Amino acid sequence: MPHSIDEAFTALPLRALADAALARARALGAEHADFRFERVRSASWRLRDAKPAGSSDTTDLGYAVRVVHGGTWGFASGVDLTMDAAARVASQAVAMAKLSAQVIKAAGADVGVPPTPFGQWGRVELADEPVHTDRTWVSSYEIDPFSVPDEAKAALLAEWSTRLLAANGVSHVDASLLTVHENKFYADTAGTVTTQQRVRLHPELTAVSVDESSGEFDSMRTLAPPAGRGWEYLTGTGWDWDSELERIPELLAEKMRAPSVEPGLYDLVVDPSNLWLTIHESIGHATELDRALGYEAAYAGTSFATFDQLGKLRYGSELMNVTGDRTAEHGLATIGYDDEGVEAQSWDLVKDGTLVGYQLDRRIARLTGFARSNGCAYADSPAHVPVQRMANVSLQPDPAGLSTEDLIGGVDRGIYVVGDRSWSIDMQRYNFQFTGQRAYMIRNGRLEGQVKDFAYQGVTPQFWGSMEAVGGPQTYVLGGAFNCGKAQPGQVASVSHGCPSAMFRSVNILNTANESGRA
């Protein structure tokens, strides 16, 4: 049954605070103003060897006013829930815009940069967006994890941990659960008013094996991705936890015995549990248009996929079709409306291997001639200004594509990679290497057991250009992460990436033990 917005949130004076703030911003001459009220509750539980190792439960509540005044951004936030306080915050935002305009003018004069539509010192203008009046949206989940007693959460993690610890060869088990319940109210001077609620969680267990005689150790983590789901995700809907927990000890034991990989060129079959991270790093960040323009470089650098290459850059093989999507069910970046009042959409980023789109907010859309933002503005708290953030960026399956087993069957000499582990990519999203939870040798179309100390290395367009086969919808999985970082001061966002299994030809495989010591 669909949920409704929490009454405790809607009972807050949301509309009155917004009216007071927006009226003050208008009176002070703002060309645009928006008001955002958030309540974000985050809780976590951690267990070590089935015993409690830590927990937290925090709520971030407050509001923010952002304005465009004199062609310049201004921003301020507050927590005092009175109309006078909201109006004062709006005044502070306008004052900040005036101060910023002076600083920008002085800095532009110092370096000799004239105001231009595409220049750093240009006026802030926003792409048009239809007015969305009194809209509500709630994410897709069945049981709010915050309605489940803390004791039940801890007990389930302890039971799973105990099950793993009872298996031969498992020395330690780490278990954790992160949960978030987010409410957001938005209103702006154009007349848009939206109220939203979304739930997400991230369960994870890691089994560790230690060889007491040699001192060698390794680990194996669950593949279950974080998801925009509720408590039902841990109790049967969306993931088969019993089967995965049963297999982990055997897989870990095999990994401990596995030989070190021989470096060289191999065909590569990549499972969705690993490929999602390669998509995130080499496509997701690279197609954020603020990075491609050089406006943003914090945390992940800029991008080789520069704006002049739109419609021209050969990003990968003709089998490569990648979408940006704010509407995917259970996606971590799925919303109804972004933090600029833009309705959620789905659009093409790469079509038939060619770069055809970017991720946009309203200012970047207007600067670069797009008619509309595709809804990629997000702030992780009421104290932070919205920045351009990643949508659910996903590689689409081949409607008639093969199963993972059949992809493996088409490889004479190769490696099958499962699960994400470590990653490294340069500041242009160009050169990279990735490891995984486990890897299997493929010979004559058959798996021959695990190898370890491996990493696959590539250059983004060459790697995606080597993609020779894409799995079918039956192989598609929505992976993702809770901890994508961006901006200064730093912000963290959750994002999902769907993909099928895929096969790549002649990929360089490193032996990480030889390259940089034991992984």
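Going by the structure above, here's the rest.
This one's a predicted model, so the numbers in the text were calculated from it and none came from an experiment. Going along each chain's sequence as written, the residues are numbered from 1 onward. For this predicted model, a pLDDT threshold of at least 70 governs which residues receive local features, and a threshold of 80 or more governs which side-chain atom pairs are given and counted, while totals over whole chains, interfaces and linings are taken from all residues. Side-chain measures here rest on the full set of heavy atoms in the structure, leaving out hydrogens and waters.

K.L.:
When you look at the pairing of strand E8 (residues 264–270) in this model, what are you seeing that I'm missing?
P.N.:
Accessibility here uses a 1.4 Å probe with only protein chains present; expressed as a share of the type maximum, an area under 20% marks a residue as buried, one over 50% as exposed, and anything in between as partly exposed. We count a stretch as a helix when DSSP gives it H or I for four or more residues in a row; a strand needs E for two or more, and each element gets its number in order from the N terminus. Burial analysis of E8 places five of its seven residues in the buried class, the great majority of the element. Pairing analysis gives four bridges linking E8 to strand E15 (residues 413–425), with the strands arranged parallel. Note on E15: the bridge partner recorded for Val-270 is Val-417. Two strands make a pair as long as DSSP finds a minimum of two bridges between them.

K.L.:
Would you take a moment to explain the packing of aromatic side chains for this structure?
P.N.:
What characterises a pair of aromatic rings is the spacing of the ring centres plus the angle enclosed by the ring planes. For this analysis, a ring pair means two rings from Phe, Tyr or Trp (six-membered ring only for Trp) whose centres lie within 6.5 Å, classed as stacked if their planes differ by under 30 degrees, edge-to-face if by over 60, and tilted for the remaining angles. Applying the stated criterion across every chain yields a total of 18 aromatic pairs. When the centroid spacing of 6.2 Å and the interplanar angle of 20 degrees are considered together, the rings of Phe-37 and Tyr-63 count as stacked. Here Phe-37 is found in strand E1 (residues 32–48), whereas its partner Tyr-63 is found in strand E2 (residues 51–69), with 26 residues between them in sequence. Given a relative accessible area of 0%, Phe-37 falls into the buried group. We classify Tyr-63 as buried; its relative accessible area is 0%. Centroid distance Phe-463 to Trp-464: 5.4 Å. Interplanar angle 85 degrees. Geometry classified as edge-to-face. Considered together, Phe-463 and Trp-464 belong to a single accessibility category, that of buried residues. Each member of the aromatic cluster is reached from another via a ring pair, and the members are Phe-432, Phe-434, Tyr-456, Phe-463, Trp-464 and Phe-504.

K.L.:
Please clarify how unusual backbone geometry should be interpreted in this entry.
P.N.:
Glycine aside, negative phi is the norm for most residues, and most peptide bonds take the trans geometry. In this structure, Pro-489 follows Gln-488 across a cis peptide bond, with omega equal to -5 degrees. Structurally, Pro-489 is set in the loop between strand E20 (477–486) and strand E21 (491–499). Even without a glycine there, the phi angle at Asp-49 is positive, about 55 degrees. Mapping Asp-49 onto the fold places it in the loop between E1 and E2. One non-glycine residue, His-330, lies in positive phi territory at about 70 degrees. Along the chain, the position of His-330 falls in the loop between strand E9 (322–325) and strand E10 (346–351). A relative accessible area of 17% places His-330 in the buried class.

K.L.:
Is there a simple way to explain the nonpolar core in this structure?
P.N.:
A general feature of soluble globular proteins is that nonpolar side chains tend to end up buried together. Among the nonpolar cores identified, the biggest contains 56 residues, and Leu-268, Tyr-315, Tyr-456, Trp-464 and Phe-504 are the most heavily contacted of them. The term nonpolar core refers to a set of buried residues drawn from Ala, Val, Leu, Ile, Met, Phe, Trp, Tyr and Cys, joined through side-chain atoms within 4.5 Å. Listed in part, the 38 residues of the second largest apolar core include Leu-164, Ala-227, Leu-245 and Met-503.

K.L.:
Would you explain a nonpolar patch on the surface in this entry?
P.N.:
The residues that make up patches have over 30% relative accessible area and no salt bridge, and they are joined within 9 Å when like-charged or within 5 Å when they are Val, Leu, Ile, Met, Phe, Trp or Tyr. Computed with a 1.4 Å probe, the accessible areas rest on the Shrake-Rupley method; for each residue, only the protein chains presented here act as cover. Criterion for a salt bridge: a side-chain nitrogen of Lys or Arg within 4 Å of a carboxyl oxygen of Asp or Glu. Nonpolar side chains collect at one region of the surface, where Met-96, Leu-99 and Val-103 lie side by side and expose about 270 Å² of accessible area between them. Counting through the fold element by element, Val-103 comes out in helix H3 (residues 83–111).

K.L.:
Help me understand the side chain of Asp-218 in this model?
P.N.:
Looking at the secondary structure, you find Asp-218 in strand E7 (residues 217–221). For Asp-218, a relative accessible area of 7% corresponds to the buried category.

K.L.:
Any chance you could explain the pairing of strand E14 (residues 392–395) here in plain terms?
P.N.:
Looking down a regular strand, the side chains alternate between one sheet face and the other. Residues Asn-392 and Ser-394 point to one face of E14 and Val-393 and Leu-395 to the other, with burial holding for every one of them. Pairing analysis gives four bridges linking E9 to E14, with the strands arranged antiparallel. The partner of Thr-323 across the bridge, within E14, is Ser-394.

K.L.:
I would appreciate a short explanation of the pattern of salt bridges in the present structure.
P.N.:
Oppositely charged side chains can form a pair if their charged atoms are brought close together. In the structure shown here, the tally under the stated rule is 30 salt bridges. The closest approach of N and O atoms between Glu-159 and Arg-163, which form a salt bridge, is 3.0 Å. Residue Glu-159 and its partner Arg-163 are located together in helix H4 (residues 150–165), separated by four residues, close to a single helical turn. According to the relative accessible area criterion, Glu-159 is partly exposed, its value standing at 37%. Overall, Arg-163 belongs to the partly exposed group, its relative accessible area being 33%. In this structure, Glu-318 and Arg-314 form a salt bridge, with 3.8 Å as the shortest nitrogen-oxygen distance. Beyond isolated ion pairs, a larger network of salt bridges with shared partners links Arg-36, Glu-38, Glu-182, Lys-184, Arg-198, Arg-200 and Asp-339.

In short, geometric facts, not functional conclusions.
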